[in-house]
Amino acid sequence: MQDQKTFTLDEIAALAELPRRTVRYYIQSGLIDRPQGVGKGAYYTQRHVEQLLLVRKWQLAGLSLERIGELLKQQATGPLPPTPRRAGTVEVWSHLVVADGVELTLEPGRAGLTPEQVRAFFRAVTQAYAQIHESEEKE
């Protein structure tokens, strides 16, 4: 059996380039797991380091700690929910003009569609419109 490397609070704080106080706050907030053991015998594992690095990465990407907490909870239960819309939220929408007076807009992230799926969806909508339009012209 291989021994798992353990770390002190100072070591994981240094590895994640975060102050000890911040690491404690993340533990208190539930963003990272509590240490193994208690008191002066408490220690951290590679999992704690990975959790800290993930929180740090998402913070550097601009996510709030509240949103990071939501993402961490959702990772365990299934697909990620769309980001709640708030004042100042920036979204990128795809817009398809099917014909004069017929337009379709969607936000791929909220719709859970990949760029390839968006293109396929737009092609299908365009073809459906063309079929409907052609069948009305034949009648």
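Residues numbered from 1 in each chain as written. Predicted model: local features only at pLDDT ≥ 70, side-chain atom pairs only at ≥ 80, totals over all residues. Heavy atoms only, no water.

**Q** Describe the packing of aromatic side chains, listing the residues and the values that go with them.
**A** Considering all chains together, one arrives at 2 aromatic pairs under this definition. Taken together, a centroid distance of 6.5 Å and an interplanar angle of 55° make the contact between Tyr25 and Tyr26 tilted. Given a relative accessible area of 44%, Tyr25 falls into the partly exposed group. Judged by its relative accessible area of 3%, Tyr26 is buried. Taking the centre distance of 6.3 Å and the plane angle of 40° together, the rings of Phe121 and Phe122 count as tilted. (Phe/Tyr/Trp six-rings, centres within 6.5 Å; stacked < 30°, edge-to-face > 60°. Buried < 20%, exposed > 50% of the residue type's maximum accessible area, 1.4 Å probe, protein only.)

**Q** I'd like a rundown of the pattern of salt bridges, residues and numbers included.
**A** Under the definition given, this model contains 5 salt bridges. The partner of Arg20 in a salt bridge is Asp10, and the shortest N-O contact between them spans 2.5 Å. Here the residue Arg20 occupies a position in helix α2 (residues 20-29), and Asp10 occupies one in helix α1 (residues 9-15), the gap between them amounting to 10 residues. What makes Arg20 partly exposed here is its relative accessible area of 33%. (Salt bridge = Lys/Arg side-chain N within 4 Å of Asp/Glu carboxyl O. Helix = DSSP H or I, 4+ residues; strand = E, 2+ residues; numbered from the N terminus.)

**Q** Can you break down a negative patch on the surface residue by residue, with the values?
**A** A contiguous patch of negative charge, built from Glu134, Glu136, Glu137 and Glu139, is present on the exposed surface. Take Glu134: it is sitting in helix α6 (residues 115-138). (Patch = residues over 30% accessible without salt bridge, like charges linked within 9 Å, V, L, I, M, F, W, Y side chains within 5 Å. Areas by Shrake-Rupley, 256 points an atom, 1.4 Å probe, with all protein chains shown as cover. Lys, Arg positive; Asp, Glu negative; His and termini not counted. Charge placed at Lys NZ, Arg CZ, Asp CG, Glu CD.)

**Q** How would you explain the side chain of Thr45 if you had to name every residue and give the values?
**A** Relative to the helices and strands, Thr45 resides in the loop between α2 and α3 (46-60). Apart from residues no more than four positions distant in its own chain, Thr45 is found in contact with Gln4, Lys5, Phe7 and Gln36. (Contact = heavy atoms within 4.5 Å.)

**Q** Outline the pairing of strand β1 (residues 94-99), listing residues and values.
**A** As defined by bridge partners, β1 adjoins strand β2 (residues 102-106) across 5 bridges and the pair is classed as antiparallel. The residue bridging Val97 from the neighbouring strand is Glu103, located in β2. Hairpin connection between β1 and β2: a loop of 2 residues separates the two successive antiparallel strands, and Gly101 in this loop has a positive phi of roughly 90°. (Pairing = 2+ DSSP bridges.)

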